[in-house]
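Notes for the structure review
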Amino acid sequence: MLSLFDETPDYPLSLLPHDGTVHYYGKVFTKEESDGYYDYLFNQIPWENDEAVIFGKLILTKRKVAWFGEKAFEYTYSNRTKYAKFWTPELLKLKQKCEEVSGETYNSCLLNLYHDGSEGMAYHSDGETDLKKHGAIASLTFGAERKFLFKHKSTKEKVEIFLETGSLLIMKGATQDHWLHRLPPTTKVKTPRVNLTFRTIEEE
Ligand SMILES: O=C(O)CCC(=O)C(=O)O
Ligand SMILES: [Fe+2]
């Protein structure tokens, strides 16, 4: 009988059974590169508390965010409008890596810092109107490994994957139309995780 551990998976893994395409490439950086990027991102990015308006009240989330791009894009997220800061050399290198591996291009990046497992992100899809329709979204993870979940909007099927440090996940095609995704909170994780999602903003 084959044990799970006898076989190395063939990357990229194709995660969704239908209605969209998600490819998991596993680790695309060495341990040293991942550690270096994690230190840079954790210490050098001007992190801000995310703001949301809930029942008319302004809430500051514990999770921190930052927003970068090739120009000062206006981007509405959680009902607030933000302006992108210009790429740093390190973010440009990360963007280039995502572009090489995925064969797609990106012009902006949303960064999230989760201090520990108590912080997560609720089910949503990334179909904001200023994002390119059916454009690819490239998700890089550095730091703590966390579970990431997809749920089909109508059939409620679920797909889960553990996102390793230095790993790349690509969501594309009709994924955002049919699937929600979430980063569930967990008591098991005590250390920070940084996630970068490279996206394409389209201006009218
Ligand atoms: O932290 C993650 O892995 C996902 C972040 C996410 O879904 C988003 O920023 O839209
Ligand atoms: Fe998302």
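Our subject in this report is the structure included herewith. (Residues numbered from 1 in each chain as written. Chains lettered and ligands numbered in written order. Predicted model: local features only at pLDDT ≥ 70, side-chain atom pairs only at ≥ 80, totals over all residues. Heavy atoms only, no water.)

**Focus: the overall build of the protein chain**
- Within the protein chain, the regular secondary structure consists of three helices and 15 strands.
- With the principal axes as the frame, the protein chain shows a C-alpha extent of 55 × 40 × 35 Å.
- Relative to its full complement of 204 residues, the protein chain shows a buried share of 46%.
- Here the analysis covers contacts within the protein chain between residues at least 6 apart in sequence; of these, 73% occur between residues at least 24 apart.
- Split by element, the accessible area of the protein chain, about 10,900 Å² in all, is 52% carbon and sulfur.
- In the protein chain, the 27 positive side-chain charges and the 30 negative ones have mean positions that sit 7 Å from each other. (Helix = DSSP H or I, 4+ residues; strand = E, 2+ residues; numbered from the N terminus. Buried < 20%, exposed > 50% of the residue type's maximum accessible area, 1.4 Å probe, protein only. Contact = heavy atoms within 4.5 Å. Areas by Shrake-Rupley, 256 points an atom, 1.4 Å probe, with all protein chains shown as cover. Lys, Arg positive; Asp, Glu negative; His and termini not counted. Charge placed at Lys NZ, Arg CZ, Asp CG, Glu CD.)

**Considerations on the state of the cysteines**
- Within the structure shown, the criterion is met by zero disulfides.
- Free cysteine cysteine 98: the closest other cysteine sulfur is in cysteine 109, separated by 7.8 Å.
- Among the residues examined, cysteine 98 registers a relative accessible area of 0% and is labelled buried.
- Cysteine 109 sits in the buried class, given a relative accessible area of 0%. (Disulfide = S-S within 2.5 Å.)

**Here's the deal with empty space enclosed by the protein**
- One pass over the structure, following the stated rule, counts two cavities of 30 Å³ or more.
- By volume, the largest cavity is sized at about 160 Å³.
- Every residue lining the largest cavity is counted, 18 residues in all, and those nearest its centre are Tyr114, Met121, Phe148, Asn195 and Thr197.
- The set of elements that each furnish at least two residues to the lining of the largest cavity consists of β8 (108-114), β9 (121-124), β14 (179-183) and β15 (193-199).
- Broken down by element, the lining of the largest cavity gets its largest block of residues, four residues, from β15.
- Partitioned by chemical class, the residues of the lining of the largest cavity number eight nonpolar, six polar and four charged. (1 Å grid on protein atoms, 1.4 Å probe; cavity = no way out; pocket = protein on both sides within 12 Å on 5 of 7 lines; lining within 4 Å. Points joined across faces, edges and corners; volume = space filled by probe spheres on them. Nonpolar A, V, L, I, M, F, W, Y, C, P; charged D, E, K, R; others polar.)

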